[in-house]
Amino acid sequence: MLNGTEDEEKWLAEGIAGIQHNAFYMHRALDSNNLREALKYSAQMLSELRTSKLSPRKYYELYMRAFDELKRLELFFKDDSKHGVSVVDLYELVQHAGNILPRLYLLCTVGSIYIKSKEAPDKEVLKDLVEMCRGVQHPIRGLFLRSYLAQISRDKLPDIGSEYEGDADTVMDAVDFVLQNFTEMNKLWVRMQHQGPGRVREKREKERSELQDLVGKNLHVLSQIEGVDLEMYKETVLPRVLEQVVNCKDDLAQYYLMDCIIQVFPDEYHLQTLETLLGACPQLQPTVDVKTVLSRLMDRLSNYAASSADVLPEFLQVEAFSKLSNAIGKVIEAQVDMPAVGAITLYVSLLTFTLRVHPDRLDHVDQVLGACVKKLSNIPKLEDSRAMKQVVALLSAPLEKYNDIVTALTLSNYPRVMDHLDIGTNKLMAMVIIQSIMKNNSCISTADKVEVLFELIKGLIKDTDGADVDELDEEDFKEEQNSVARLIHMLYNDEPEEMLKIICIVRKHTMVGGPKRLPFTVSSLVFSALRLLRQLQGQEGDIVGEEASMTPNKIFQLLTQAANGCDIEHVAYEFFTQAFVLYEEEIADSKAQVTAIHLIIGTLQRMNVFGVENRDTLTHKATGYSARLLKKADQCRAVYACSHLFWVDDQDGIKDGERVLLCLKRALRIANAAQQMANVARGTGGLVSLFVEILNKYIYFFEKGNKQITSSAIQGLIEFINTEMQSDSTNPDSVADAFLASTLRYIQFQKQKGGVVGEKFESIKL
């Protein structure tokens, strides 16, 4: 028994043999000028095309054998001196063939001669032929018959400038003929999907794909009709073609024909009918690959825009970007099941379009990115690798176009898109950004741009949720971190204050990198700070004081914290030593000393790199310098600030309640001395507020659980302050009064909380 393939080969061979057999006798009849015999054998030859046993590919082979014989027959029909029959009579004669399929092939063959003879209006003959072909409704046989009609008539259409041109309406007659043939062919092509059992649907769709060019050739013919100008295309051709496309409700046909429209008609026609063409897209079947259709349309328009600067005003005039953007939004909304990769691919094409057509419109670029963010926000987690690649393409496009990361940093939605990448892809994109900066030697020179940049590359500078730095390939990790280190060197501004802001931002981001990353990045940060220090050489005397926004001391504070972040105790200790040397030898102004000592205390309080011995040495130094400030009030405030050096919440090892109390008691003694000095100088007041400030420190450590700070100590301090205020009634201090009242209200509020907190404060009497 033969299998399916062998059966088909057998049937094809039998069909070809039948054509050859009848063609032999047809040729003999033609040679003897015997019209009747020629018609008889040609009809029998064409009857072989009535088979239903062949696939489209095999049927095409059979059709081409018959087509070759029809060309010879046509030459015979043209020469009426051989057969002695007029073309009008011949046109009537062939309509008497026994079977309809041979009859119509012969009718089309004679019809082409009839048109060429001009013995009848060609539009009448064409109309007759296209109507008569409705007699064959078998999809494959009908498609090939109409394809034959299209082929023999394409050079005989009543077009402008052709030998068949007639009155003013002749072009419309040509258009009507081609459109009618196209419509009937599409119906036959769509009907194929309903043939045979459902289980062979995949095979049937493949066969339909093999026949799509037969239908599409009609659109190609339409595009070559000279009389089809923009107006006719806009008013007649495109609406009628789109009507057929939408109404056929077949995904294969809709996809192919939309693509065919885009490919065969001129770019300027697409631009001027953009709204009509795009309006059909949301009406297509949900299974149609609209993203590819729209992407190809945008690619064609992009290339058209790039072909000449003269056409760019047309894009602005028709608002092409706005129409494309709206159409994409409607398609995505209509096709609720469209995969993420499809939607993002559309945005990539739209972004490519606007970058090529309107590169100066950054608002368009940001709008596309924002639309992508909106789509991604509706997806819990983007896991499709193809979609991820499209997001990378979306983010890479502005970098490649502008060759300038600074431009990308102005796009508010750029970092929002990056947030939707997975850890690995985020790092990959961060490396692309850094490489772009290196390649173009870009200089990021403002603090706000640096902030955005480091948000973009955060995947490289700190551990993210779900990432394990230990699992990274060692070489890849080193390459990433060295790239970040090189990037830091490229951040520069000639203005020292702006440069300091940049350094502070870099420090903020890099300090969270962890012990494996910091050795790579901190050195770059230190050198950037040292470079800034060299800028400030000779300026220090001009910029000291509390109001100064930047001093060399502040820069050294940054360097010290950097050493702390790297767990390099001896380096950090050396920095502090040098800071104290600078304090002693270089800072003479009393206000500058106050500012410097508070910076030292604050920085030391945040350090966790020191062992017990080194920390004790440094805290002792800081406390000593605090107590030796010029003014008593400044001494008091610096000393009670030192209490925080012995109690750090996030470090369990530093909770020395006794030394906290010693600092606070020392601050009280200094405040007492200051108050007595004020009392000696008549009319001097306002130092009671020091006691209120110390009271607040007592309350702070009391709440933190320092057992050395008791409620009775707080009670005693409150009573002492009240006594001092009453004794100094001649010089009332409104600021101190308000400060105390606020503090007492806080205590009362804590008492009213109830529970453990309320019980803790209950014993304090107000």
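Being a predicted model, the structure only gives us computed values, none of them experimental.

So, how was this worked out
- Residues numbered from 1 in each chain as written.
- Predicted model: local features only at pLDDT ≥ 70, side-chain atom pairs only at ≥ 80, totals over all residues.
- Heavy atoms only, no water.
- Helix = DSSP H or I, 4+ residues; strand = E, 2+ residues; numbered from the N terminus.
- Rg over C-alpha atoms; globule rule 2.2 N^0.38 Å.
- Buried < 20%, exposed > 50% of the residue type's maximum accessible area, 1.4 Å probe, protein only.
- Contact = heavy atoms within 4.5 Å.
- Areas by Shrake-Rupley, 256 points an atom, 1.4 Å probe, with all protein chains shown as cover.
- Lys, Arg positive; Asp, Glu negative; His and termini not counted.
- Charge placed at Lys NZ, Arg CZ, Asp CG, Glu CD.
- Disulfide = S-S within 2.5 Å.
- Phe/Tyr/Trp six-rings, centres within 6.5 Å; stacked < 30°, edge-to-face > 60°.
- Polar contact = N/O pair within 3.5 Å; in protein donor to acceptor, adjacent residues only side chain to side chain.
- Domains from an automatic or database assignment.
- Buried area = accessible area lost by both parts, 1.4 Å probe.
- Nonpolar A, V, L, I, M, F, W, Y, C, P; charged D, E, K, R; others polar.

Draft legend 1. Quick look at the overall build of the chain. If you tally the helices and strands in the chain, you get 38 helices and 0 strands. For the chain, whose C-alpha radius of gyration is 44 Å, the value lies well above the compact-globule estimate of 27 Å for 766 residues. Considered along the principal axes of its C-alpha atoms, the chain spans approximately 145 × 60 × 50 Å. A burial count over the chain gives 50% of its 766 residues as buried. Long-range contacts, defined as pairs at least 24 residues apart, comprise 72% of the intrachain contacts of the chain with a sequence gap of at least 6. Roughly 36,000 Å² of accessible area belongs to the chain as shown, and the carbon and sulfur atoms make up 49% of that amount. In the chain, 86 side chains carry a positive charge and 108 a negative one; their mean positions are 4 Å apart.

Draft legend 2. Examining the state of the cysteines more closely. Taken as a whole and judged by the stated rule, the model has 0 disulfides. Among the cysteines around C108, which has no disulfide bond, C133 carries the closest sulfur, lying 4.1 Å off. Cysteine C372 shares no disulfide, and the gap to the nearest cysteine sulfur, in C281, comes to 19 Å.

Draft legend 3. The packing of aromatic side chains, seen in detail. Under the counting rule described, the total for this entry stands at 24 aromatic pairs. Here F24 and Y25 contribute two aromatic rings whose centre-to-centre distance is 5.2 Å and whose plane-to-plane angle is 85°, an arrangement assigned as edge-to-face. Ring geometry for F76 against F77: centres 6.2 Å apart, planes inclined by 50°, an arrangement best described as tilted. F77 carries the same exposure label as F76, and that label is buried.

Draft legend 4. Seen up close, the side chain of N181. Mapped onto the elements, N181 comes out in helix α9 (residues 170-191). There is a polar contact of 3.3 Å between the side chain of N181 and the side chain of N218. Each residue touching N181, except ones within four places of it in the same chain, is listed here: V130, R146, L149, A150 and N218.

Draft legend 5. Representation of the environment of M725. Topologically, M725 is positioned in helix α36 (residues 711-727). Given a relative accessible area of 17%, M725 falls into the buried group. Remark: the alpha-carbon pair of M725 and D251, spanning 474 residues in sequence, is separated by 90 Å. Those residues in contact with M725 that sit more than four places away from it in its chain are V688, A736, D737 and L740.

Draft legend 6. Geometry of the domain arrangement of the chain. Looking at the assigned domains, one finds that the chain contains domain 1 (1-120), domain 2 (122-265) and domain 3 (422-465 + 474-540 + 550-561). Between the C-alpha centres of domain 1 and domain 2 the distance comes to 23 Å. Taken residue by residue, the interface counts 29 residues in domain 1 and 26 residues in domain 2. Of the roughly 2,500 Å² buried between domain 1 and domain 2 on both sides combined, carbon and sulfur atoms contribute 71%. A per-residue breakdown of the area domain 1 buries against domain 2 is headed by P56, C108 and I115, which together make up 26% of the total. Applying the counting rule to domain 1 against domain 2 returns 9 residue pairs in polar contact (both at pLDDT 80 or more). When contributions to the side of domain 1 that touches domain 2 are tallied by element, the ones reaching two or more residues are α3 (56-78) and α6 (100-117). The element contributing the most residues to the side of domain 1 that touches domain 2 is α6, with 12 residues. Split into classes, the residues belonging to the side of domain 1 that touches domain 2 amount to 18 nonpolar, 7 polar and 4 charged.

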